[in-house]
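Topology and contacts: notes
Listed here are the chains, written in short residue letters.
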Amino acid sequence: MIVRWQKEQEYFIVRLYQDLVGDWILSQSWGDRAANEATVTYTVLHSYKDARRLLSSIARQQRKRGYRHTGRSEEQLGFDFS
């Protein structure tokens with residue numbers, strides 16, 4: 001899942017995915033497009049429920065900071081690794 005927020009030139013992107021050992025990874029990327037600066041952090045969570053709870057908390061914080069949700073888009077590539 002990918003969720004994006006934006007405020008003028010600033011952006012905040014959250015990606016939620018499950019790794020190969022079953023943990024949920026929530027990555028947060030933010031920066032300023034005009035300054036060409038970015039930061040990325042990763043949080044490991046042990047359940048989808050915990051990951052969604054953190055994502056809800058992040059969404060509330062972004063709204064309070066004046067960011068607007070810019071939609072969700074995600075493409076699942078149909079790789080076959082068998």
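The present account deals with the structure reproduced in this document. If you're wondering where the values come from, they're calculated on a predicted model, not measured in any experiment.

Further remarks concern the overall build of the chain. Check the secondary structure of the chain and you find one helix and five strands. Starting at the N terminus, the α and β elements of the chain follow one another as β-β-β-β-α-β. In the chain, which comprises 82 residues, the proportion classed as buried is 29%. The contacts in the chain between residues at least 6 apart in sequence include a share of 43% that link residues at least 24 apart. With the model as given, the accessible surface of the chain reaches about 6,100 Å², and the carbon-plus-sulfur share is 49%.

Right, let's talk about the environment of L55 for a bit. Within the fold, L55 resides in helix α1 (residues 48-64). Sequence spacing of L55 and L26 is 29 residues, and the spatial spacing of their C-alpha atoms is 8.1 Å. Setting aside anything within four residues of it in sequence, one finds L55 in contact with M1, V3, W5, V14 and L26.

Here α1 spans 25 Å end to end across 17 residues, near enough to the 24 Å set by a 1.5 Å rise per residue. Taken together, the buried positions of α1 are A51, L55, I58, A59 and Q62. Looking down the long axis of α1, one finds its buried residues gathered within 105° of arc, a one-sided arrangement. Away from the buried face of α1 by more than 90 degrees, exposed residues K49 and K64 are located. The first or second residue beyond α1 is G66, which carries a positive phi of 90°.

Within the largest apolar cluster, 14 residues are counted, with the highest numbers of intra-cluster contacts made by W5, F12, V14, L16, L26, L55 and I58. Only β1 (2-7), β2 (10-18), β3 (24-32) and α1 provide two or more residues apiece to this core. Beyond its immediate stretch of four places on either side in the chain, W5 contacts E10, Y11, F12, V14, L55, I58, A59, Q62, Y67, R68, H69 and T70.

A few words now on a nonpolar patch on the surface. Together, Y17, V40 and Y42 give the surface a local cluster of nonpolar side chains, amounting to about 320 Å² of exposed area. Within the secondary structure, Y42 is located in strand β4 (residues 37-45). Using a relative accessible area of 57% as the deciding quantity, one classes Y42 as exposed.

What follows is about the sheet that holds β4. An order of β4-β3-β2-β1-β5 is seen for the five strands of this open sheet, with the pairing classed as antiparallel. Edge strands, defined here as strands with exactly one partner in the open sheet, are β4 and β5 (68-69).

Criteria and cut-off values
Residues numbered from 1 in each chain as written. Predicted model: local features only at pLDDT ≥ 70, side-chain atom pairs only at ≥ 80, totals over all residues. Heavy atoms only, no water. Helix = DSSP H or I, 4+ residues; strand = E, 2+ residues; numbered from the N terminus. Buried < 20%, exposed > 50% of the residue type's maximum accessible area, 1.4 Å probe, protein only. Contact = heavy atoms within 4.5 Å. Areas by Shrake-Rupley, 256 points an atom, 1.4 Å probe, with all protein chains shown as cover. Expected span 1.5 Å × (residues − 1). Arc of directions from axis to C-beta. Core = buried A, V, L, I, M, F, W, Y, C linked by side-chain atoms within 4.5 Å. Patch = residues over 30% accessible without salt bridge, like charges linked within 9 Å, V, L, I, M, F, W, Y side chains within 5 Å. Salt bridge = Lys/Arg side-chain N within 4 Å of Asp/Glu carboxyl O. Pairing = 2+ DSSP bridges.

By themselves, these observations are geometric and do not establish any function.
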